[in-house]
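An overview of the molecular structure
Next come the chains, spelled out residue by residue.
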Amino acid sequence: MITRVYISHCEKDTALARELEQALWAVDLESFSSVLKKTESLSESELISFGVRHSDCMIVILTMDGILSPKVNEEIGLAVGTDQLVIPLLEYGEKLPSLISHLPAIGFSRDTFEDALGVVIKDIRQLTKLDWLKIRCPHCGEEMTQYITPQEDVDRVLLEGNDLKTMCSYCEKTISLDPRTFRPRSTE
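Residues numbered from 1 in each chain as written. Predicted model: local features only at pLDDT ≥ 70, side-chain atom pairs only at ≥ 80, totals over all residues. Heavy atoms only, no water.

1. Some details on the pairing of strand 3 (residues 57-62)
With respect to burial, strand 3 is a largely interior element, six of its six residues being buried. Burial of the side chains of strand 3 extends over both faces: Cys57, Ile59 and Ile61 are buried on one face and Met58, Val60 and Leu62 on the other. By the bridge criterion, four bridges tie strand 1 (residues 4-8) to strand 3 in an arrangement that is parallel. Bridge pairing links valine 5 to cysteine 57 in strand 3. Here six bridges tie strand 3 to strand 4 (residues 85-91), and the two strands are oriented parallel to one another. Looking at strand 4, one finds that methionine 58 is bridged to valine 86. (Buried < 20%, exposed > 50% of the residue type's maximum accessible area, 1.4 Å probe, protein only. Helix = DSSP H or I, 4+ residues; strand = E, 2+ residues; numbered from the N terminus. Pairing = 2+ DSSP bridges.)

Okay, structure coming up:
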């Protein structure tokens, strides 16, 4: 069962990591990153060790900067050494680090990152059961939880080029969701 995901990334890719964090939050998965979490009494190495060891898998964002980052490579080494499931997000034109070069990667560009997030969510859904979807209503700002749309319906909506539709349980207005990330897209 996957409930907690470690996000490995370099500081220059923090915006991409935050997008991934939001997508994981929407499908009720907890995420952890040593760059995004700070404590006063724990060192960065202790945060990394804690985060990796207490996560069910690692998603590593590999841009050119990420591949060259010693910290990202150390996190990959720790994950491989502890038999963690590693899901690489690889920017087009880059090559996987040698420790995970045997793994299939989810390719992306800055323009197609949301497509890659959709693949990550779909892959995780195939490995574990995801029941809940969390949405912050763009109309009233309330956060609600509802059952996640079945993957077959998500696939159908993607093929049709449409949005998923849901209704806010507070203000009862329709919300359009991006079918890849379940993020509210527009208001109606």
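2. A closer look at the environment of leucine 78
Counting through the fold element by element, leucine 78 comes out in helix 4 (residues 70-81). Residues leucine 78 and arginine 53 lie 25 residues apart in sequence; the distance between their C-alpha atoms is 8.5 Å. The residues touching leucine 78, leaving out its near neighbours within four places in the chain, are Ile48, Ser49, Val52 and Arg53. (Contact = heavy atoms within 4.5 Å.)

3. Considering the pattern of salt bridges
In this structure the tally under the stated criterion is 17 salt bridges. A salt bridge links glutamate 143 to arginine 136; the nearest nitrogen and oxygen atoms lie 3.1 Å apart. (Salt bridge = Lys/Arg side-chain N within 4 Å of Asp/Glu carboxyl O.)

4. A closer look at the sheet that holds strand 4
Pairing in this open sheet of five strands is parallel, and the strands run 2-1-3-4-5 from one edge to the other. Edge positions in the open sheet fall to strand 2 (30-32) and strand 5 (106-108), since each of these has one partner strand only. Across the sheet, the mean angle from the axis of one strand to that of its neighbour is 25 degrees, orientation sign disregarded. (Axes fitted to C-alpha atoms, helices over the stretch in contact; angles between N-to-C directions.)

5. Some words on the environment of threonine 166
Considering the arrangement of structural elements, one finds threonine 166 in strand 8 (residues 164-167). When its relative accessible area of 12% is taken as the criterion, threonine 166 is described as buried. Residues threonine 166 and aspartate 153 lie 13 residues apart in sequence; the distance between their C-alpha atoms is 13 Å. With sequence-adjacent residues up to four places away left out, threonine 166 is seen in contact with Ile135, Gln146, Lys173, Thr174, Ile175 and Leu177. A polar atom in the side chain of threonine 166 sits 2.7 Å from the side chain of glutamine 146. (Polar contact = N/O pair within 3.5 Å; in protein donor to acceptor, adjacent residues only side chain to side chain.)

6. Observations concerning the packing of helix 1 (residues 14-26) against helix 5 (residues 113-127)
Relative orientation of the contacting elements helix 1 and helix 5 amounts to 40 degrees, with a least axis distance of 10 Å. It follows from the interaxial angle that helix 1 and helix 5 lie oblique. Of the two possible hands of crossing, helix 1 and helix 5 adopt the one that is right-handed. Counted together, Leu16, Glu19, Leu20, Ala23 and Leu24 of helix 1 and Phe113, Glu114, Leu117, Ile121 and Ile124 of helix 5 form the full contact between these two elements. Class assignment of the residues belonging to the contact of helix 1 with helix 5 gives a composition of eight nonpolar, no polar and two charged. (Parallel < 35°, antiparallel > 145°, perpendicular 65-115°, else oblique. Left-handed = near helix turned anticlockwise from the far one by under 90°. Nonpolar A, V, L, I, M, F, W, Y, C, P; charged D, E, K, R; others polar.)

7. Examining the nonpolar core
Residues Ile59, Ile61, Leu89, Ile124 and Phe182 are the most contacted members of the largest nonpolar core, which totals 37 residues. What phenylalanine 182 contacts, discounting residues up to four positions off in sequence, is Ala26, Val27, Ile121, Arg125, Leu133, Ile148, Thr149, Val154, Leu164 and Leu177. Formed by 17 residues, the second largest nonpolar core is a distinct cluster that contains Tyr6, Cys10, Ile48 and Leu96. (Core = buried A, V, L, I, M, F, W, Y, C linked by side-chain atoms within 4.5 Å.)

8. Here's the deal with the packing of helix 2 (residues 44-53) against helix 4
In a pair of packed helices, the angle between the axes and the distance between the axes together describe the arrangement. The geometry of helix 2 relative to helix 4 is characterised by a closest axis approach of 10 Å and an angle of 40 degrees between their N-to-C directions. Taken together, the axis directions place helix 2 and helix 4 in an arrangement best described as oblique. Here helix 2 runs over helix 4; the crossing is right-handed. Residues Glu44, Ile48, Ser49, Val52 and Arg53 of helix 2 form the contact with helix 4, whose participating residues are Lys71, Glu75, Leu78 and Ala79. Residue composition of the contact of helix 2 with helix 4, by class: four nonpolar, one polar and four charged.

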